[in-house]
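Coordinate inspection notes
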Amino acid sequence: EAEASLRRALELTENSPFLRAVLAWSLAEAGRGEEARAELAALDGPETGYASPYQHATVLSALGDADAAMAALEQAAEARDPWLVWLRVMVEKSA
């Protein structure tokens, strides 16, 4: 049900990068790695727009790719990504 709602929201928002990242993260958390990676690839597509490195990191972390997640977080820090204020929440949730 959540997946259907997220996909509908993506349609209504014309491919919001935030919602696509949430969909990818939720798929990864559900153990649907291949689908999550497909959504992550779509997140970088021209039809999605800008997706923050932090959003990439959340998906990569849920996929269990710690090295890639850390690289994305380093990019987020370099870009002074405002989403980094949520980093502690992300870390506490995964602990």
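The following paragraphs examine the structure supplied in this document.

1. Remarks on the packing of aromatic side chains
- Evaluated as defined, the whole model comprises two aromatic pairs.
- Consider the rings of F18 and W83, whose centres lie 5.2 Å apart with planes at 15°: the pair is stacked. You can see F18 sitting in helix 2 (residues 17-29) and its partner W83 sitting in the loop between helix 5 (66-78) and helix 6 (87-94), a full 65 residues away along the chain.
- On the basis of an interplanar angle of 10° and a centroid distance of 6.4 Å, the ring pair of Y54 and W83 is categorised as stacked. One end of the pair, Y54, is in helix 4 (residues 53-62); the other, W83, is in the loop between helix 5 and helix 6, with 29 residues separating them in the sequence.
- Exposure remark for Y54: the relative accessible area of 6% places this residue in the buried category.

2. Quick word on the packing of helix 2 against helix 4
- Between helix 2 and helix 4, the shortest axis-to-axis distance is 8 Å and the interhelical angle comes to 10°. One element, helix 2, and the other, helix 4, form an angle in the roughly parallel class. The segment helix 2 lies against helix 4, with P17, F18, A21, A24, W25, A28 and E29 engaging Q55, T58, V59 and A62.

3. Looking at the nonpolar core
- Ranked by size, the top nonpolar core spans 21 residues in total, and within it L23, A36, L40, L43, V59, L60 and L63 carry the most contacts.
- Elements that contribute at least two residues to this core include exactly helix 1 (2-12), helix 2, helix 3 (33-43), helix 4 and helix 5.
- The element that contributes the greatest number of residues to this core is helix 2, accounting for six residues.
- When residues no more than four places from it in sequence are discounted, the contact partners of L63 are A28, G33, A36, R37 and L40.

4. Some thoughts on the pattern of salt bridges
- Going through the model one piece at a time under the given rule, you end up with six salt bridges.
- Among the ionic pairs, E39 bridges to R7, the shortest N-O distance being 3.1 Å. You can see E39 sitting in helix 3 and its partner R7 sitting in helix 1, a full 32 residues away along the chain.
- Taking the relative accessible area as the measure of exposure, E39 reaches 9% and is therefore buried.
- Residue classification places R7 among the partly exposed residues on the basis of a relative accessible area of 32%.
- Residue R20 pairs with E39 through a salt bridge whose shortest N-O separation is 2.3 Å. Taken together, the residues span a long stretch of sequence, with R20 in helix 2 and E39 in helix 3 at a distance of 19 residues. Pair check on accessibility: R20 and E39 agree, each one buried.

So, how was this worked out
- Residues numbered from 1 in each chain as written.
- Predicted model: local features only at pLDDT ≥ 70, side-chain atom pairs only at ≥ 80, totals over all residues.
- Heavy atoms only, no water.
- Phe/Tyr/Trp six-rings, centres within 6.5 Å; stacked < 30°, edge-to-face > 60°.
- Helix = DSSP H or I, 4+ residues; strand = E, 2+ residues; numbered from the N terminus.
- Buried < 20%, exposed > 50% of the residue type's maximum accessible area, 1.4 Å probe, protein only.
- Axes fitted to C-alpha atoms, helices over the stretch in contact; angles between N-to-C directions.
- Parallel < 35°, antiparallel > 145°, perpendicular 65-115°, else oblique.
- Contact = heavy atoms within 4.5 Å.
- Core = buried A, V, L, I, M, F, W, Y, C linked by side-chain atoms within 4.5 Å.
- Salt bridge = Lys/Arg side-chain N within 4 Å of Asp/Glu carboxyl O.

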